[in-house]
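# Residue-level structural notes
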Amino acid sequence: MTKLAFISDIHSNLPALRATIKDIRSRGINRIYCLGDIIGYHTYTNEVIDLLKDENVISIKGNHDEAITMENFDRSRDEDFVLYWNFDRLTQENLTYLKHLPDYIEFSVEEVSICLVHGSPSSISEYIRENSAEASIYISEMKSDILLCAHTHLPYITKKDGKHLLNSGSVGKPKFGKPESSYIELSIDGKVIEPEIITVPYPVSEIVEDLKRHNFPKSLIKALETGNP
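One structure accompanies this document, and this report is about it. The model shown is predicted, which means the values in this text are computed figures rather than measured ones. (Residues numbered from 1 in each chain as written. Predicted model: local features only at pLDDT ≥ 70, side-chain atom pairs only at ≥ 80, totals over all residues. Heavy atoms only, no water.)

Glancing now at the sheet that holds strand 9 (residues 180–189). Spatially, five strands are ordered 3-2-1-9-10 in an open sheet, and the strand pairing comes out mixed. Strands with a single pairing partner mark the edges of an open sheet, and in this sheet they are strand 3 (58–59) and strand 10 (192–201). In this sheet, strand 2 (residues 31–34) lies alongside strand 1 (residues 2–7) in parallel orientation, the contact comprising four bridges. Across the sheet, residue A5 finds its bridge partner in strand 2, namely I32. (Pairing = 2+ DSSP bridges. Helix = DSSP H or I, 4+ residues; strand = E, 2+ residues; numbered from the N terminus.)

Spelled out as structure tokens, the structure:
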């Protein structure tokens, strides 16, 4: 049997990433994949990238990673503050790392084929929400056995006609009503696929205090404290 972990939407939240990786390793999982949105929203811009490198996490690009590295923001707009704040702190090495991340990854484990995307196979910024029309379309058109997506910050597991559509939720900015990280643990034994959603408590106060030190918007602090949008 092979066990894998899939994380996403870290959004520069180092305390959450540390706790999540610690939980993954405690389960004996050696292979971790990240479905993008490594940075944005929060304050530990380089630290999360460095930790992913140190832990040999294989990553793809998210829409925030793309917007920040492409400087797709307006410094005169308050709502773009988190984008240019993260851009201004990226080291050249980490900027290059993010720019060269692939948009998707396809690979096989034992007898199972897997495709990783951030938004959807069609767009890095498209939402595939659970039980949506888009979800039905993508699961019916899947060429792989498993399609893993992110972007919504809401974890789910869907299975239809032997195909699996999985969303890993969010490590650093949960939206499911609890201030905890989420990820997907995937066990594969031949053609047998067993996904599970794991949630992990982390020291929320640590990231909140850092946001306050850097005068980040109160709305972001409240979102972290409640685990709501």
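After that view, the rundown keeps rolling.
Using the criterion set out here, one finds zero disulfides in the structure. Lacking any disulfide linkage, C34 is separated from the closest cysteine sulfur, that of C149, by 14 Å. Residue classification places C34 among the buried residues on the basis of a relative accessible area of 0%. Sulfur of C149: no disulfide; nearest cysteine sulfur belongs to C115 and is 10 Å away. (Disulfide = S-S within 2.5 Å. Buried < 20%, exposed > 50% of the residue type's maximum accessible area, 1.4 Å probe, protein only.)

What follows deals with the packing of aromatic side chains. One pass over the full model with this rule turns up seven aromatic pairs. Ring centres of Y33 and F107 lie 4.7 Å apart, and the angle between their planes is 10 degrees; this geometry places the pair in the stacked category. You can see Y33 sitting in strand 2 and its partner F107 sitting in strand 4 (residues 104–109), a full 74 residues away along the chain. Arranged with centres 5.0 Å apart and planes meeting at 80 degrees, the rings of W85 and F216 form a pair that is edge-to-face. With W85 in helix 4 (residues 81–89) and F216 in the loop between helix 7 (204–213) and helix 8 (218–226), this residue pair connects regions lying 131 residues apart in the sequence. (Phe/Tyr/Trp six-rings, centres within 6.5 Å; stacked < 30°, edge-to-face > 60°.)

Honestly, that's just the spatial picture; any functional story needs more than this.
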